[in-house]
Every structure is written in C-alpha cells, then in structure tokens.
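# Observations on chain architecture
In case you want the letters, here they are:
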Amino acid sequence: MTRTSILPTLEIPEHELPHWMRQARRGFDWGLLIVFAFSVIAAWPFILQPGLPRTNASENYAFRTANYAAAIQEGYLYPRWSPHVLGGYGAPIPNFYPPAAPYSAALIQVLFTNDAVLASRWIYILAFCLAGPAVYALVRRRADAEAGVLAAILYLFCPYVGLTAPHLLGDLPGALGLALLPALLWRVDRLLLRDRSPDFLLAVLMAALLLLTDIRIACVGLVLAAILIGWHSAFQDRRAPWKLALAALALGILLASFFIFPALLEQSAVRWQFEPAAPGTNGALGLTLSGLFTPANQIDTGELLPVPQLTIGAVGLLFTLLGSVGIGLAMRQRAYMDVRTLYLAAGGIIIVIALLIFPHEIWMLGPIMLCLSVGGSGALCLARRFVPRWQRLALPAFLIVALIGSLTTWLAPRWPAVSTDTSAEAQIRYEQQGYGLAVMPPHAPAPITIASTLDLDRSLISSYLSGNVTKIAMQSSQPNAGLQISVLAHTGHADRFQLRLPATSTLEILTAYFPGWEATLNGAPVELSEDEQTGLMQVTLPAIRDGILQVSLGPTPTRTQGWALTWLALGLVMLFTIRRLRAQKQGGIFYDDLHFLSKPQARLLAVILLSFGLIIGLFAIPTAPLRMRPSPGYALEGSISLRSRTDSGLSLLAYRVSSAPDAQYRPGEAVPLTLYWHTLRSLPENYRAQVVLIDTLSGTRWYQSELRDPGDYPTRRWNTNQYVRDNYLISTPPEIPGGTYLIAIDVYTCAPDCLRENRLTFFDTIGGYLGQTLVLPTLVTIAP
C-alpha cells in the first residue's frame, strides 16, 4: 500500500525564481541556430563555387581588396590611394568610398587566405550569416521567436537581398550593409528596452560600421533608428533612455569621422569622372511601380548578364498583406501598438520616396525589404485565431510557402571557374583592354585629379607590365646631361629614388597630385607641387651629387582632425561604457527574459531545414544530379529569330521590337528594342554597336544611338555558350513625319577610332552577303 501525499503542489511564479533557475529553465535558443543554418544555405553559391563572377562588380571589389591588402602589408594601415588606376597615375578612390567591406576582406586576405577573391567570398558569406540572425534577434525581442524565424527567412530569400545585390550586381558593400542594417536596429532597440552597458557600446559600433560600409544604407538606417527611438518613447515607454540612444547614433557618426571628415571636406581637390549607363541597359535600370509588384523570373542560364530582379516578389507581397491584416486584427483585439506597424509604414514611405524622387537608386529596395519582412512576420498573428493544434503548424506552413515561392532566389546563377589575377599588372591590363577602372564598378563615379586631356604614359605602363615600376620622368624642357636616376623602392603609397643631378632640375613624378603627397631629399623636406596642365606631381631639386628622393602620401590637417574626432569619440564611448559597467555590476545580475522556440516547434523546423538543404543539394549546387532550372535560352521565347553573323564571329541571334506586332508610335515616343547577341568564338576586339532609325522613303536617319558595347559589356569578355541582351530606347524626334521606318544596326571596330570603313560585314545563315549595315525585317510605324 502506497502513501499518497495530501500536500498541495506549490507553483512558484517565474519572476520569483532565482536568476540561475530561470536561466536554466529558459533552454537553448533553437530559433537562432535554425536561422543561422538557413543563412549558411543562402550563402551556398559563395561556399561551393570557386572564384567570383566576372559579369558584375565583385571582380572590381576583389581588385580593391588586393590593393588594401598590399597597402596593409607595406605598413599603411589605412590607405587612401588607389595606385594602379588610370594607367598607373593613381587616384584617391579609398578617400571617398567607404572602406569597411573591401578592407575587411583585405584583413582576411592578409591573415588567412592570401587570396583577394577568396577573401571577398568570405565577406559575402559573413553578410548572409549576419543578416539572418540580426533580423531574427530584432523581431524576437518585440514579438516572439516564431515571428523572428519567419522575418529572417523572408529577408534572406527575398529577390534583392538573396539574389540581386550579391549575385547580379556584385555589390559587396551593399550586401554587407544590408546585413548591418538590421543589426543596428536590433542594438538600438535593445538599448531602449534593456539599457545594459554593452548595448550602448555596440549601438555606437554598429552605427559607425554601417557608415563605413555603405553611406546610403547608413543614412536610411540612422533615420529608421531615430524613428524607432521616437516611436518607442511616445507610445511604449516615456521613461526609456531615448537621449542615450540618440547619443549612441551621434557618437557612431563621430567615430567614423576619420573617413567622413576628409571625404566631405576634400571634395574640391578632385573632379568626378563617370560614364553614365545607356538608357535601357542593366546599369540604367530603375524602380517602377509595376516592376516592384512583378513576380521574380528564374535566371536564364543561357544569358551572360541576367537582368537584375528589382521586385518585392510574390512572397514579399503576400506576407506584407498577411502581416498587415494579422497585426491589424491583433492590435484591435489587444488595444496595443505593435512596432511592426512602424516598419510596414516605413517600408511604404521608402517605396513612395524611391518611386517619386530616386527611381534609379535601386539599393533602396534593400531597406524596403527589411521593413516589409519585419512587418510580414505579423502573418503569424492570424494563426492565433486557430485552435492550439493548428497554431503550432502555422510557422512551418508559412516557411514552406516562403521557401517554395523563393525558388528564383535560391536557384542562384552559376559562374565558370575562372581564376582572377588581382595583381598591379592585371589591373593595368584591365584598363588597357577597355574594361574600365579595375577597382570601380561599371558606371560608378571616380574621383580623379589628373587633367582630362592627359594621355597615358607608355613608359609607365611598360614598366608596370615588366614588373619594374618607374614613376619618375625628366621634363623635356630640362637638360638631362649627367642626370642619373635609379629606383630604390616602389610601393602603392611611396617611391624612393637614388639620383645624381648636375644642375637644378624639375622632375615630373608620374603620379596624380592630391593633398597629402610630400617629398624629402636626404630626409629634408622639399617642395612638391601640382603641374596645372597635367595634374601630375613635380618637384624642383638643386644640383646634388648623391641624393635619396622619397615621395610619399602623408596626412593633411583635415585627415588629422578627422582622426582626432574619431579618437575623441572612442575615448568617450569607452569611458562611459566602463562607468556604466561598474555601476550595473553593483546593481546585481541582469536577466533578459526572451521567448524561445519550444522543442516540438524546433523539431518541425529542423525537418524543414534538412529537407530544404537536401533540395539544394539535389537541384541547385554545381554537382547537383537533378535539374530544376529552365532550359538555357528560355528568355528568348517570343523574340524574332534572325541568326545573322559577322565576319568576326559576332552573331545576332534574335531581336524584339514590341509586344504588339502592329503597334504604332507617336512622334516623340520611344521605341523599345532588344537585340540578342552571341559569339561563335572568343572575340579579339571590343566592338561597338549602333542602332539607326531610317525613313523607308527618303532614307533619312531620324535617330542614331551612341556607339557602345553591345549589352554594355566589352565583347572581349563574352562567353561562347551564352547570349547577351542589348536594350535600346529609340527616341523619335517630335518633328518626325508619319510613315514607316526601318531599324538598322552597325557594328564598328574601334582601333582606336570608330570609322565607317571599319564596320563589320553581316552574312545570313547560309553565308549570303548582307552588307555592313544590317536592316531588321520589321517596320516601325509612326502615326501622323
């Protein structure tokens, strides 16, 4: 016979339990682990594929990473000069562009990989692995772990964050900035809610790091953080440390002064050079209302330069609507203000601003997707209206819908395994072959100081290619009898020469002038000036029998002041943090009460995670045994096949004029034209194409486009197994008479001038001669 206790069971409230017991009962944060695993899967192309694609800006950031790494190894811990651009003259590009992304990759290269390309891939992987957990932590604190998981998946696999920015644009700073943006908001939110000593320090560091990564995203992030501070203080807790949070943002700005201060105040020392993208090309795309709500298309593996997916996507739109409804019903039922309504409203405001004021600032789609992803997590509020059994299945069901709908994102494009040489010689060759500045993305403005009329120096380029860089020349007007110059050392930020001068001489340094360059002769300062005609440096030296001339880039008063502000901000932050840490230690142990996933819920999500990883392994990775991608060339469907070839191997596969065969255009209206090029073999030249609109009766040319690279991409870099989309907008003048018009195409060999006699000859599929001008077999009708 057993004895049954008649004593009642004693239930102790959670808040009355000791800290160690509450910490033990809370369990493990399985949601964070699951989100991190999804983040790693989202980064699979950079983990499993070698190298980086050459069809976007990733290659340019690899070059910049290599330059940063070289400068660090030379002893310049914060370089402000790109020494190999403009044929070796150099330019102060790092002085005006945020350094964090390529500089972080350079540190990885110096410390671990010794490979700029591999180090850049690490930064992409780091961005994915930071973005997911940051969104999870941001939403979990205000809602719960289930909402945090859903928001993180919506953000990671949205078209812009998961596909366009890293894979199609190759925007390394943008990808890292979109990971730091939710991290900044998370730290500011935690400072408002918990106000522990590390929160202030980390909020300051996140604000500074975001500013040093991408100024544009940082501006949006600071505004969103300020709005969050104001909203929380007005609607949630009037006693919240809003002044402390604003001070953290201000000190973050001050902490980045070593970059911001010179970048703003030394603008007058440079002129900005850039070549705008042609209308209709990938570089000139913008945000449109219809485009934002268009479902994302699968990447055509047969296309060399896929069109960026500038859309919210079907999944983003669906969960934005569900989240809006769910949050609205929950707020109506509970009579409280959900912070996710703030993010939904902010996302809508950014959309309006982008469409009306900044339609070509496509990076704004990243902050938009963060706001909509956070708001979309409110879809789980709808599940609370179900019975408990179905509530448990709501999150897995939503994740399955989100992952299936994000097929176009996680079926990321593949790139060929091409080794990328990032040496100084490779950067010189990159420019010589007509690809642009090696360290700058296409069509990005570059700060330069040389004269626009200055020709490249052939001897300097030859010295680069030979590996013995010589950056000094004697002016032709000066006598050179008995003059002897030898190079002792050359680095990206300094040159040392041994020289013998029989008389006073003016030496021209083949480096662009910029404030901070200084010269010494045998350790004594000598005057270094700018040649007003060329923009290069020159130094006048007295006669000397044996001297050591050193030219190096040093500080300026502006840069010194910037560093002083940075050190001042860092000192204030550390002092304040230490004082708060001591004060809070005396107040006892702090317990952060957060909602975690239950173990049954975590098991369900783990099944989805493993199934999704299996699908990636079977269908997405380069060695996948099964195929889910569409057939190469599927995007050509609906175009008019042509297959005309030139004598060089360049071929025009097809074209598309309008969706309506009998469309008429009014005078002044643009006629959209898309050409689809292909090459039968590696092309030896960078050919230039031109589109002409010709009157069928008089032969008058009413429109003639600028000569440009077909598809806005140098033809020497084309692959033989992929086609290139070439978009045009044929602008008809207002005075054009009504009638029918022909569209003709000319392709030029520009070596160096684009002369009409240097046009390529077209042939049909059986070798028939078509002439040097290809006329498309489609008439364009202009209404009278």
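Residues numbered from 1 in each chain as written. Predicted model: local features only at pLDDT ≥ 70, side-chain atom pairs only at ≥ 80, totals over all residues. Heavy atoms only, no water.

### Looking at the sheet that holds strand S15 (residues 670–679)
Note the cut-off: A pair of strands is labelled paired if DSSP reports no fewer than 2 bridges between them. Runs of E in the DSSP output that reach at least two residues are strands. Runs of H or I that reach at least four are helices, and both are numbered from the N terminus.
The 6 strands are arranged S18-S15-S13-S12-S20-S21 in an open sheet whose pairing can be described as antiparallel. Two strands in the sheet have a free side with no partner beyond their single neighbour: strand S18 (724–731) and strand S21 (769–771). Examined bridge by bridge, strand S12 (residues 640–646) and strand S13 (residues 650–656) share 4 bridges and lie antiparallel to one another. Of the residues in S13, the one forming a bridge with Ile640 is Tyr655.

### Some details on the pairing of strand S7 (residues 517–521)
What counts is decided by this rule: In this scheme, a residue with accessible area under 20% of its type's maximum is buried, one over 50% is exposed, and one in between is partly exposed, where area comes from a 1.4 Å probe on protein chains only.
Where burial is concerned, the two faces of S7 differ: the one with Trp517, Ala519 and Leu521 is buried and the one with Glu518 and Thr520 is not. Across 5 bridges, the pairing between S7 and strand S11 (residues 544–553) is antiparallel. Bridge pairing links Thr520 to Gln550 in S11. Relative to strand S8 (residues 524–526), S7 runs antiparallel, the two being bridged by 3 bridges. Opposite Thr520, over in S8, you have Pro525 as the bridge partner. The antiparallel hairpin formed by S7 and S8 contains 2 residues in its connecting segment, where Asn522 sits at a positive phi of about 55°.

### As for the packing of helix H7 (residues 116–142) against helix H8 (residues 145–156)
What counts is decided by this rule: Note on method: axes are straight lines fitted to C-alpha atoms, helices fitted across the in-contact stretch only, with angles between N-to-C directions ranging 0 to 180 degrees. By definition, turning the near helix anticlockwise from the far helix through less than a right angle yields a left-handed crossing, and turning it clockwise yields a right-handed one. Here, residues are in contact when the closest pair of their heavy atoms is within 4.5 Å. Each residue is assigned to one class: nonpolar for Ala, Val, Leu, Ile, Met, Phe, Trp, Tyr, Cys and Pro, charged for Asp, Glu, Lys and Arg, and polar for all the others, Gly among them.
Two elements in contact, H7 and H8, have axes separated by 7 Å at closest approach and are oriented at 145°. When you trace H7 past H8, the crossing you get is right-handed. Between H7 and H8, the contacting residues are Phe128, Ala131, Gly132, Val135, Tyr136, Val139 and Arg140 on the first element and Ala145, Ala147, Gly148, Val149, Ala151, Ala152, Tyr155 and Leu156 on the second. Residue composition of the contact of H7 with H8, by class: 12 nonpolar, 2 polar and 1 charged.

### Here we look at empty space enclosed by the protein
Rolled over the atoms, a probe with the dimensions of a water molecule shows which regions are left empty. Here is the rule we go by: Both site types are read off a 1 Å grid over the protein atoms alone. A 1.4 Å probe that fits but cannot get out defines a cavity, while an open set with protein on both sides within 12 Å along at least five of seven lines defines a pocket; lining residues have an atom within 4 Å of a point. Grid points are joined across faces, edges and corners, and a volume is the space filled by probe spheres set on the points.
Counted under the stated rule, the structure contains 6 cavities of 30 Å³ or more. If you add up the space inside the largest cavity, you get close to 70 Å³. Lining the largest cavity are Tyr124, Ala127, Phe128, Ala131, Val161, Ala165, Pro166, Ala175, Leu178 and Ala179. Those elements that provide at least two residues to the lining of the largest cavity are H7, helix H9 (159–169) and helix H10 (172–193). Here the lining of the largest cavity gets 4 residues from one element, more than from any other, and that element is H7. Of the residues belonging to the lining of the largest cavity, the class tally is 10 nonpolar, no polar and no charged.

### A few points about the environment of Val374
Tracing the backbone shows Val374 in helix H18 (residues 365–376). As for Val374 and Leu342, which are separated by 32 residues in sequence, their C-alpha atoms are 9.7 Å apart. Those residues in contact with Val374 that sit more than four places away from it in its chain are Leu138, Val139, Ala151, Arg340 and Tyr343.

### A word on the layout of surface pockets
When its volume is computed, the second largest pocket comes out at roughly 810 Å³. Taken together, 30 residues make up the lining of the second largest pocket; nearest its centre are Leu285, Asn297, Val307, Pro308 and Arg725. Breaking the lining of the second largest pocket down by element, the ones donating at least two residues are helix H15 (289–292), S15 and S18. Grouping the constituent residues of the lining of the second largest pocket by class yields 14 nonpolar, 12 polar and 4 charged.

### Structural notes on a nonpolar patch on the surface
Just so we agree on the cut-off: A patch is a set of surface residues, each over 30% in relative accessible area and not in a salt bridge, joined within 9 Å for like charges and within 5 Å for the nonpolar side chains Val, Leu, Ile, Met, Phe, Trp and Tyr. Computed by Shrake-Rupley with a 1.4 Å probe, the accessible areas treat only the displayed protein chains as cover when residues are assessed. Think of a salt bridge as a Lys or Arg side-chain nitrogen and an Asp or Glu carboxyl oxygen that are within 4 Å of each other.
The grouping of Ile349, Val352, Ile353, Leu356, Ile357 and Phe358 at the surface amounts to a nonpolar patch, some 590 Å² of accessible area in total. Tracing the backbone shows Ile357 in the loop between helix H17 (339–356) and H18. Assessed through its relative accessible area of 54%, Ile357 is described here as exposed.

### Looking at the nonpolar core
Selection criterion: Note on terminology: a nonpolar core comprises buried Ala, Val, Leu, Ile, Met, Phe, Trp, Tyr and Cys residues joined through side-chain atoms within 4.5 Å.
Counting 187 residues, the largest nonpolar core has Phe38, Val149, Phe157 and Leu549 as its most contacted members. When residues in this core are grouped by element, the largest group, 14 residues, is from H7. Setting aside residues up to four positions removed in sequence, Leu549 forms contacts with Ile472, Asp495, Arg496, Phe497, Leu499, Leu507, Ala519, Thr520, Leu521, Val539 and Leu541. Residues Leu652, Tyr687, Trp718 and Val747 belong to the second largest nonpolar core, which totals 34 residues.

### A look at helix H2 (residues 30–42)
Basically, it comes down to this: One fewer than the residue count of a helix, multiplied by 1.5 Å, yields its expected span. In this description, one arc is meant: the one made by directions from the helix axis to the C-beta atoms.
With 13 residues, H2 extends 18 Å between its outermost C-alpha atoms, agreeing within 8% with the 18 Å of an ideal straight helix rising 1.5 Å per residue. Every buried residue of H2 is listed here: Gly31, Ile34, Val35, Phe38, Ser39, Ile41 and Ala42. Viewed along the axis of H2, the buried residues span an arc of 160°, placing them on a single side of the element. Buried-residue contacts for H2 involve helix H3 (44–48), H7, H8, helix H19 (388–405) and helix H24 (599–620).

### Structural notes on unusual backbone geometry
Backbone geometry places Leu86, a non-glycine residue, at a positive phi of 55°. Mapped onto the elements, Leu86 comes out in the loop between helix H4 (58–73) and helix H5 (93–96). Classification of Leu86 as buried rests on a relative accessible area of 9%. Backbone geometry at Asn522 places phi at a positive 55°, although glycine is not the residue there. Inspection of the secondary structure puts Asn522 in the loop between S7 and S8.

### A word on the packing of aromatic side chains
Going by this rule: What counts as a ring pair is set by centres within 6.5 Å for rings of Phe, Tyr and Trp (its six-membered ring), and what kind of pair is set by the plane angle: stacked under 30 degrees, edge-to-face over 60, tilted for all other angles.
A full pass over the atoms with the stated rule returns 24 aromatic pairs. Centroid distance Phe157 to Phe612: 5.6 Å. Interplanar angle 90°. Geometry classified as edge-to-face. Taken as a pair, Phe157 in the loop between H8 and H9 and Phe612 in helix H24 lie far apart in primary sequence, 455 residues in all. Judged by relative accessible area, which is 4%, Phe612 ranks as buried. Each ring, one from Phe763 and one from Tyr769, has its centre 6.2 Å from the other, and the planes form 70°; the classification is edge-to-face.

### Comments concerning the state of the cysteines
Note on terminology: a disulfide is the covalent bond linking the sulfur atoms of two cysteines. Put simply, the test is: Here, a disulfide means two cysteine sulfur atoms that sit within 2.5 Å of each other.
Tallied over the full model, the rule gives 1 disulfide. A sulfur-sulfur distance of 1.7 Å marks the disulfide that ties Cys750 to Cys754. Between Cys750 and Cys754 the disulfide shows an S-S torsion of about 115°. By sign, it is right-handed. In this structure Cys754 comes out as partly exposed when scored by relative accessible area, which is 31%.

### Quick word on the pattern of salt bridges
This structure, assessed with the given rule, holds 17 salt bridges. Across the pair Arg559 and Glu266 runs a salt bridge, and its minimum N-O distance is 3.2 Å. Pair noted here: Arg559 is in helix H23 (residues 557–586) and Glu266 is in the loop between helix H14 (257–265) and strand S1 (271–273), with a separation of 293 residues, a long-range link. Note that Arg725 is salt-bridged to Glu303, the shortest N-O span being 2.8 Å. Here the residue Arg725 occupies a position in strand S18, and Glu303 occupies one in the loop between H15 and helix H16 (313–334), the gap between them amounting to 422 residues. Assessed through its relative accessible area of 22%, Arg725 is described here as partly exposed. When salt bridges with common partners are traced through the structure, they connect Asp171, Asp214 and Arg216 into a single cluster.

### Focus on the side chain of Thr320
Looking at where Thr320 falls in the secondary structure, it is placed in helix H16. If sequence neighbours within four positions are ignored, Thr320 has contacts with Leu344, Leu372 and Gly376.

### Some points on the sheet that holds strand S4 (residues 484–490)
In spatial order, the strands read S4-S5-S11-S7-S8; together these 5 strands make up an open sheet with antiparallel pairing. In this open sheet, the two strands that pair with only one neighbour each are S4 and S8. Taken over all neighbouring pairs, the strand axes of this sheet differ in orientation by 30° on average, direction set aside.

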